[in-house]
Amino acid sequence: MTIGLLKEPDFETRVSLIPETVAALTKKGISVQIEKDAGVKAFWNNDEYEKVKAVIKSRSEVLQSSDIILSIHPPADSEIEKLKSKILIGVYQPLFNQSLMQQWANLGITVFSLDMLPRTTRAQVMDVLSSQANIAGYKAAILAASIYSRYFPMFMTAAGTIAPAKVLILGAGVAGLQAIATARRLGAVIEVFDTRPAVKDEVMSLGAKFIEVEGAADASKAGGYAVEQTEDFMKRQKAKIAESIAKADIVITTAQIHGKKAPILITEEMLNRMRNGSVIIDIAAATGGNTPVTKNNETVTYKGVTIVGNSNLQATMPSDASKMYGKNILNFMNLIITKEGQLSLNWEDDLVKGSCIAHNGELVHDKIKAIES
Ligand code: NAD
């Protein structure tokens, strides 16, 4: 069994495995080959991988002689032929990339996309969405504090009193909760919206105010994810958000609906009412953003409001992000590799089945097959 780790595309700083996680594999007798400089942007040099018995190779050698290829992002189209009949593990957003998945299936690639893992208790140790969202939420609050031209905490000094920053957080999932905790530690006063009433207690225990909007669609059967809301709910929710946003200095938006475009929660009218100098960090940018002016991977200014569109804030902390991602990958590989280092795919296991997109020349994931028809 040989595992190959690819260097990510230029825009990515993270790497699938750090030396610590590689060591856990090589100790089991599994060969690990690392593309030269794959870990450099996450501050792991080639010699640190070599110390834990990995072998440094060229990209084409890794592609050619590995059974399992680890790559967070899809390898280039021109390389895909080299992946024929191999196993590919990463985060490929198959709900948005169905035709690419079909191409990979046609080549007999077995594809595991960890963003499709069912969100069950057993899956938590390999839940890459959670580990990375945690970092994104933390960094969203830090970034907002650094861009904002005023203080976060309240100060009473001889030179005058500074009021605490008012932070509004839309979406209290993994990222939103971490953003609340971080902004609170910095001394801000926080209001929060979410469509899942179950998060109210968590929000309040972090010291923030939860603003309820009655009549949200029941998401209890959506596997931990939010569902689309009715027009009536969205209208009433927007009216309440408009009240909060007019007072807010910082808005952190994280609202997403799995596999769909992110909901627009902040309208242009609301942006017009925001204070000059206020800041929005939109981490739902990659799926369209929670505002109509968000641009993914760009910072725009709208009438004095700075709007940062960034769904990859975890890449600004590549060392910790790779450490956590690598631990998730290791836990996932423990599901598909036996103690003796042999590949064993148990299709009765909901985690194996739920994250596998293509196998044996076919798309095998029900949700992805449903897009096709
Ligand atoms: P996400 O990134 O898909 O969405 C972020 C948040 O936006 C969610 O809390 C969602 O309810 C909220 N949202 C969606 N539409 C909204 C709207 N119109 N207005 C306001 N908020 C809106 O979610 P996530 O952070 O990945 O996960 C959400 C939840 O899933 C977690 O809090 C947890 O309960 C569950 N979860 C379970 C596991 C597990 O058991 N393995 C792992 C991760 C998450």
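Calculation criteria
Residues numbered from 1 in each chain as written. Predicted model: local features only at pLDDT ≥ 70, side-chain atom pairs only at ≥ 80, totals over all residues. Heavy atoms only, no water. Helix = DSSP H or I, 4+ residues; strand = E, 2+ residues; numbered from the N terminus. Rg over C-alpha atoms; globule rule 2.2 N^0.38 Å. Buried < 20%, exposed > 50% of the residue type's maximum accessible area, 1.4 Å probe, protein only. Contact = heavy atoms within 4.5 Å. Areas by Shrake-Rupley, 256 points an atom, 1.4 Å probe, with all protein chains shown as cover. Pairing = 2+ DSSP bridges. Domains from an automatic or database assignment. Buried area = accessible area lost by both parts, 1.4 Å probe. Salt bridge = Lys/Arg side-chain N within 4 Å of Asp/Glu carboxyl O. Polar contact = N/O pair within 3.5 Å; in protein donor to acceptor, adjacent residues only side chain to side chain. Nonpolar A, V, L, I, M, F, W, Y, C, P; charged D, E, K, R; others polar. Core = buried A, V, L, I, M, F, W, Y, C linked by side-chain atoms within 4.5 Å. Axes fitted to C-alpha atoms, helices over the stretch in contact; angles between N-to-C directions. Parallel < 35°, antiparallel > 145°, perpendicular 65-115°, else oblique. Left-handed = near helix turned anticlockwise from the far one by under 90°. Phe/Tyr/Trp six-rings, centres within 6.5 Å; stacked < 30°, edge-to-face > 60°.

## A short note on the overall build of the protein
Stage number 1. Along the protein, the regular secondary structure elements total 12 helices and 17 strands.
Stage number 2. For 373 residues, the compact-globule estimate of 2.2 N^0.38 gives 21 Å, and the C-alpha radius of gyration of the protein, at 22 Å, lies within 12% of that figure.
Stage number 3. For the protein, the spread of C-alpha atoms along the principal axes amounts to about 65 × 50 × 35 Å.
Stage number 4. Burial statistics for the protein: of 373 residues in total, 51% are counted as buried.
Stage number 5. Excluding contacts between residues fewer than 6 apart, the proportion of contacts in the protein whose partners are at least 24 apart in sequence is 64%.
Stage number 6. Only carbon and sulfur atoms are counted for the fraction: they give 51% of the accessible area of the protein, which is about 16,900 Å².

## Overview of the sheet that holds strand S3 (residues 55-57)
Stage number 1. The strand order across the open sheet built from eight strands is S3-S2-S1-S4-S5-S6-S16-S17, with neighbouring strands paired in mixed fashion. Looking along the sheet, the strands with just one partner apiece sit at the ends: S3 and strand S17 (362-363).
Stage number 2. Here strand S5 (residues 87-90) pairs with strand S6 (residues 110-113) via four bridges, running parallel. Opposite Ile87, over in S6, you have Thr110 as the bridge partner.

## As for the domain arrangement of the protein
Stage number 1. Parsing the protein into structural domains produces domain 1 (2-116 + 318-364) and domain 2 (132-316).
Stage number 2. With centres defined by C-alpha atoms, the gap from domain 1 to domain 2 works out at 33 Å.
Stage number 3. Contacts between the two partners involve 12 residues from domain 1 and, on the opposite side, 12 residues from domain 2.
Stage number 4. Among the residues domain 1 hides against domain 2, the three largest losses belong to Arg14, Leu95 and Phe96. Together they make up 40% of the total.
Stage number 5. At the junction of domain 1 and domain 2, the tally comes to zero salt bridges.
Stage number 6. Where domain 1 touches domain 2, the interface holds four residue pairs in polar contact (both at pLDDT 80 or more).
Stage number 7. Residues of the side of domain 1 that touches domain 2, tallied by class, amount to seven nonpolar, one polar and four charged.

## Brief notes about the environment of Ile281
Stage number 1. You can see Ile281 is positioned in strand S13 (residues 279-282).
Stage number 2. By relative accessible area, which is 0% here, Ile281 ends up buried.
Stage number 3. Sequence separation between Ile281 and Ser85 is 196 residues; the distance between their C-alpha atoms is 41 Å.
Stage number 4. Beyond its immediate stretch of four places on either side in the chain, Ile281 contacts Ala140, Leu143, Ala144, Ile147, Val251, Ile252, Thr253, Val308 and Leu313.

## Focus: the nonpolar core
Stage number 1. Membership of the largest hydrophobic core comes to 36 residues, with the highest contact counts inside it found for Ile34 and Ile89.
Stage number 2. Looking at this core, the elements with two or more residues in it are strand S1 (2-5), helix H1 (19-26), strand S2 (31-35), strand S4 (68-70), S5, helix H10 (318-336) and helix H11 (350-355).
Stage number 3. A per-element tally of this core places H10 first, with six residues.
Stage number 4. Other than its neighbours up to four places away in sequence, Ile34 contacts Leu5, Val22, Tyr49, Ala54, Val55, Ile56, Lys57 and Val62.
Stage number 5. Within the second largest apolar cluster, 30 residues are counted, among which are Ile169, Ala172, Ile180 and Ala183.

## Points about the sheet that holds S13
Stage number 1. Strand order in the open sheet formed by seven strands is S11-S10-S9-S12-S13-S15-S14, with mixed pairing between adjacent strands. Pairing within the sheet leaves two strands with one partner each, and these edge strands are strand S11 (209-210) and strand S14 (298-302).
Stage number 2. Note: S14 against strand S15 (residues 305-309), five bridges, orientation antiparallel. Bridge assignment links Thr301 to a residue of S15, and that residue is Thr306.
Stage number 3. Contacting strand S12 (250-253), S13 and S15, helix H5 (residues 128-147) runs over the sheet at an angle of about 155° to S13.

## Digging into the packing of H5 against H10
Stage number 1. Relative to each other, H5 and H10 sit at 165°, their axes nearing to 9 Å. Taken together, the axes of H5 and H10 lie roughly antiparallel to each other. Like other packed secondary-structure pairs, H5 and H10 cross with a definite hand, here right-handed. Contact residues: Val128, Ser131, Gln132, Asn134 and Ile135 in H5; Asp320, Ala321, Met324, Tyr325 and Asn328 in H10.
Stage number 2. Class assignment for the residues of the contact of H5 with H10 results in five nonpolar, four polar and one charged.

## A few points about the side chain of Thr287
Stage number 1. Assignment of secondary structure puts Thr287 in the loop between S13 and S14.
Stage number 2. The class for Thr287 is buried, based on a relative accessible area of 14%.
Stage number 3. A polar contact is formed between the side chain of Thr287 and the side chain of Gln256, at a distance of 2.9 Å.
Stage number 4. Those residues in contact with Thr287, other than ones at most four positions away along the chain, are Phe96, Gln256, Lys260, Lys261 and Ala262.

## Focus: unusual backbone geometry
Stage number 1. Positive phi outside glycine occurs at Ser85, with the angle close to 65°.
Stage number 2. When you line up the elements, Ser85 lands in the loop between S4 and S5.

## Examining the packing of aromatic side chains
Stage number 1. Counted according to the given criterion, the structure contains four aromatic pairs.
Stage number 2. With centroids separated by 5.1 Å and ring planes inclined at 85°, the aromatic side chains of Tyr92 and Trp104 adopt a geometry described as edge-to-face. Separated by 12 residues along the polypeptide, Tyr92 in the loop between S5 and helix H4 (98-106) and Trp104 in helix H4 bring together distant segments of the chain.
Stage number 3. Take Trp104: its relative accessible area is 0%, and that puts it in the buried class.

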